[in-house]
Structures are given as C-alpha cells and as structure tokens.
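Structural characterization, general
Letter by letter, the chains look like this.
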Amino acid sequence: MKHLLISTFLLAAVVLLESCGGKKESQNHVAVNDVIPVRIMALTKSKTQPLIQVSGQLTTDDETNLSFKTGGVIKALKAKEGDAIRKGQV
C-alpha cells in the first residue's frame, strides 16, 4: 500500500515539474483575423439628455426577510414600516 502511494506521489510530482518547464510561447501575438476595425469620433457637447426607459425591481440593501423557528399567527404589529426601534422593544 505504501509503495503504491509513493509511486502515485512521484508520478504526480514528475507531471507537475514537466508542465512547468519547456519553451514559453509569446502571448502578445495577434492574428490578422482578430483585428477589429475602429472608427474614432470627436466629442461634442449637447444640452439634451437621452431618455432611458428600463424595467426592474427597486430594493434596498438593508431589507431583511423575517423568519421564525416556530409557526403561528401574528396577532398584532407594534411597529410600522420605517419606524425606529431599539433592542428589547416590544
């Protein structure tokens, strides 16, 4: 069993060392087919701003979903949304 474990470790070490060596190819070579033509335009000031229409859901970062370990029915809520509360307040 020890012999198999040592053999496996040595084989993995040899493969790892072999992958680290060798000639490195240049990564800066750009093929002619990879070139994308670009057109440069001058910037101009404009007084109008384009209208952007989007759809989505607006939420806050401090919103918390309530969850309880025991089930039941809530008889009354002592605070309203947006009210400031303190620790221990009923």
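Our subject is the structure that appears above.
A short tour of the structure in this document, coming up. (Residues numbered from 1 in each chain as written. Predicted model: local features only at pLDDT ≥ 70, side-chain atom pairs only at ≥ 80, totals over all residues. Heavy atoms only, no water.)

**Things to note about the overall build of the protein chain**
- When its secondary structure is counted, the protein chain shows one helix and zero strands.
- Put simply, the protein chain has 90 residues, and 0% of those count as buried.
- For the protein chain, the exposed surface amounts to about 11,100 Å²; the carbon and sulfur share of it is 59%. (Helix = DSSP H or I, 4+ residues; strand = E, 2+ residues; numbered from the N terminus. Buried < 20%, exposed > 50% of the residue type's maximum accessible area, 1.4 Å probe, protein only. Areas by Shrake-Rupley, 256 points an atom, 1.4 Å probe, with all protein chains shown as cover.)

**Re helix α1 (residues 2-20)**
- Between its first and last C-alpha, α1 extends 27 Å over 19 residues, near the 27 Å set by a 1.5 Å rise per residue.
- Burial of α1 is sparse: only zero of the 19 residues sit out of reach of the surface. (Expected span 1.5 Å × (residues − 1).)

**Concerning a negative patch on the surface**
- Among the surface-exposed residues, Asp61, Asp62, Glu63 and Glu81 lie close enough to one another that they form a single negatively charged patch.
- For Glu81, a relative accessible area of 85% corresponds to the exposed category. (Patch = residues over 30% accessible without salt bridge, like charges linked within 9 Å, V, L, I, M, F, W, Y side chains within 5 Å. Salt bridge = Lys/Arg side-chain N within 4 Å of Asp/Glu carboxyl O. Lys, Arg positive; Asp, Glu negative; His and termini not counted. Charge placed at Lys NZ, Arg CZ, Asp CG, Glu CD.)

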